[in-house]
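Coordinates in review
Read off the chains here:
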Amino acid sequence: MATYPHGLRCRLVRSPEATPSGRHVLGRVAFLGHHSAPAVRAGASEIGIHLVGAEVERVTEVWETDSPVVSGMYQDLAYAHDGEYLFCAGQVPEGGSYREPVRNAYRAAFDLIGKLDYPHVMRIWHFIGDINRANADGMEIYRDFCLGRAEAVDHHLGRAGDMPAATGIGALGGGISWYLLASRSGRVRNLENPLQVPAPSYPHLYGPRPPKFARATSFSPPGIDGAGDLFVAGTASILGHETVHAGDIAKQCDVTLGNMAMVMSRENLLAHGIDDGRTLKDLRFVKVYVRRAEDLPVVRAACAAAFSDTAEIVYFTVDICRSDLLVEIEGIAP
Ligand code: 3HB
């Protein structure tokens, strides 16, 4: 990410390596062949997410800052903060129903954000084991998760509560692992995509409560008036509220990339009052989620053509929130 006073930065590390001197680690997210509970290690918040098979290269996402960090546990959440930025990770254990534990986990996070005074949440990631399977009551686990999240958001922000860009994607096990980034005094603006119905307005067809997230979030660090960083949410082959091109990976890639390009475009940023515009070539930290391993070559080719040669791109083979979606992509344009 760009460097600011009190700068927040992301790195994708493919093998264990030391933190550059002068940097302080807020959070480490290890994508592993198993899950590991959120904990404070070496002064940073750390979580292990079961997202790769044992044979696949492991990647760790590291969130760093220029200022010294204070870390700790709050209920089951592992957090670290530096006076301007907060990183917080949680894990809801595997169980028959997620509504209540997700509601409680979200409530704990809202409490922590309030207590530590980091009210501007700019990005949330959720990794959901068995995302398309039924829970003990026969409800799809993603819908069950959305129900608990919506209830917590209602409670803390009201029914029309505005949430930032998010990812809600499958994991290979381990219940629900999640993490977020928040700021004390930066400016957060949540963006929608004119090609897509806002997720919080999805019809009941997709579950009793809709997914609460924005298609992208613009984050301007304190003291920076301009556009700042753009966090693009997990994006898929959805137009309006409907999945398009079920079964066709090449066309789903095209629609997904088109949706990302639209949400980042000058036209869309201006429509949200932001005098800026980005393209897919500006994305740096790209995560690509592919349902079927056999589709990887097509998805890799589409991403290689769309993104910059210097973008860090990581691929995971996991399920996606709707069973007819084959690919989902997210990224950050610093
Ligand atoms: C979510 O439910 O937070 C979510 C799901 C997605 C993409 C982005 C966010 O499939």
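For the structure itself, consult the block above.
Residues numbered from 1 in each chain as written. Predicted model: local features only at pLDDT ≥ 70, side-chain atom pairs only at ≥ 80, totals over all residues. Heavy atoms only, no water.

Looking now at helix α5 (residues 296-306). Looking only at α5, the buried set comprises Leu-296, Val-299, Ala-302, Cys-303 and Ala-306. Down the axis, α5 shows its buried residues gathered within 130 degrees of arc, on one side only. For α5, the exposed residues lying more than 90 degrees away from the buried face are Pro-297, Ala-304 and Ala-305. Lining the buried residues of α5 we find α3 (249-264), β17 (285-290), β18 (312-317) and β19 (327-333). (Buried < 20%, exposed > 50% of the residue type's maximum accessible area, 1.4 Å probe, protein only. Helix = DSSP H or I, 4+ residues; strand = E, 2+ residues; numbered from the N terminus. Arc of directions from axis to C-beta. Contact = heavy atoms within 4.5 Å.)

The next thing to look at is the site of the ligand. In the vicinity of the ligand, the contacting residues are His-126, Tyr-142, Arg-149, Ala-166, Thr-167, Gly-168, Pro-211, Phe-213, Gly-234, Cys-321 and Glu-328. Contact distances for the ligand include 2.7 Å between an oxygen atom and a side-chain N or O atom of Arg-149. In the environment of the ligand, an oxygen atom lies 2.8 Å from a nitrogen or oxygen atom belonging to the side chain of Glu-328. Compared with its free state, where it exposes 280 Å², the ligand has 97% of that area covered by protein. The set of elements that each furnish at least two residues to the shell around the ligand consists of α2 (141-157) and β10 (165-171). With 3 residues, β10 is the single largest residue contributor to the shell around the ligand. Partitioning the shell around the ligand into residue classes produces 5 nonpolar, 4 polar and 2 charged. (Near = heavy atom within 4 Å. Polar contact = N/O pair within 3.5 Å; in protein donor to acceptor, adjacent residues only side chain to side chain. Areas by Shrake-Rupley, 256 points an atom, 1.4 Å probe, with all protein chains shown as cover. Nonpolar A, V, L, I, M, F, W, Y, C, P; charged D, E, K, R; others polar.)

A few words on the pattern of salt bridges. Under the criterion given, the structure shown has 22 salt bridges. When the shortest N-O distance is used, the salt bridge between Arg-159 and Asp-154 registers 3.5 Å. Under the relative-accessibility criterion, Arg-159 is labelled exposed at 59%. Among the ionic pairs, Asp-248 bridges to Lys-251, the shortest N-O distance being 4.0 Å. (Salt bridge = Lys/Arg side-chain N within 4 Å of Asp/Glu carboxyl O.)

Let us look at the packing of aromatic side chains. Counting across every chain of the model gives 13 aromatic pairs. Ring centres of Tyr-106 and Trp-178 lie 5.0 Å apart, and the angle between their planes is 5 degrees; on these two criteria the pair is classed as stacked. Taken as a pair, Tyr-106 in helix α1 (residues 99-116) and Trp-178 in strand β11 (residues 176-183) lie far apart in primary sequence, 72 residues in all. Neither Tyr-106 nor Trp-178 differs from the other in exposure class; each is buried. Ring geometry for Trp-125 and Tyr-179: centres 4.6 Å apart, planes at 10 degrees, overall stacked. Note that Trp-125 is positioned in strand β9 (residues 120-129) and Tyr-179 in strand β11, a separation of 54 residues in sequence. (Phe/Tyr/Trp six-rings, centres within 6.5 Å; stacked < 30°, edge-to-face > 60°.)

Moving on, we get to the sheet that holds strand β3 (residues 36-41). Here 5 strands make up an open sheet; going across it, the order is β1-β5-β2-β4-β3 and the pairing mixed. Strand pairing shows two members of the sheet lacking a second neighbour, β1 (8-13) and β3, which therefore form its edges. Neighbour-to-neighbour, the strand axes of the sheet open up by a mean angle of 15 degrees, direction not taken into account. Pairing between β3 and strand β4 (residues 44-50): 4 bridges, direction antiparallel. Within the sheet, the bridge partner assigned to Val-40 lies in β4 and is Ser-45. (Pairing = 2+ DSSP bridges. Axes fitted to C-alpha atoms, helices over the stretch in contact; angles between N-to-C directions.)

Between α1 and α2, whose axes approach to 7 Å, the crossing angle comes to 35 degrees. Crossing angle aside, the handedness with which α1 passes α2 is right-handed. For the pair α1 and α2, the contacting residues are Arg-99, Val-102, Arg-103, Tyr-106, Arg-107, Phe-110 and Asp-111 in the first and Asp-144, Phe-145, Leu-147, Gly-148, Arg-149, Glu-151, Ala-152, Val-153, His-155, His-156 and Leu-157 in the second. A per-class count over the contact of α1 with α2 returns 8 nonpolar, 3 polar and 7 charged. (Left-handed = near helix turned anticlockwise from the far one by under 90°.)

Note that Arg-278 resides in the loop between α4 (266-271) and β17. Reaching out from Arg-278, the side chain makes a polar contact with the backbone oxygen of Gly-228 at a distance of 2.6 Å. In this structure the side chain of Arg-278 is engaged in a polar contact, spanning 3.0 Å, whose partner is the backbone oxygen of Ala-333. Excluding its chain neighbours within four sequence positions, the residues that come into contact with Arg-278 are Ala-227, Gly-228, Leu-230, Met-264, Ser-265, Arg-266, Leu-269, Ala-333 and Pro-334.

On to unusual backbone geometry. With a phi close to 70 degrees, Asp-117 is a non-glycine residue in the positive phi region. In the Ramachandran plot, His-245 falls in the positive-phi region, its phi being about 65 degrees despite a non-glycine side chain.

Here we come to the sheet that holds strand β12 (residues 187-191). A sheet is described by the order of its strands in space; here 6 strands give the open sequence β12-β13-β14-β19-β17-β18, paired in mixed fashion. The two strands at the open ends of the sheet, each matched to only one other strand, are β12 and β18. When strand polarity is set aside, the average angle formed by the axes of neighbouring strands in this sheet is 15 degrees. Two elements, strand β13 (residues 216-220) and strand β14 (residues 229-235), share 4 bridges in a ladder whose sense is antiparallel. Paired with Ser-218 across the bridge in β14 is Leu-230. Running at roughly 30 degrees to β19, α3 makes contact with β12, β13, β14 and β19 of the sheet.

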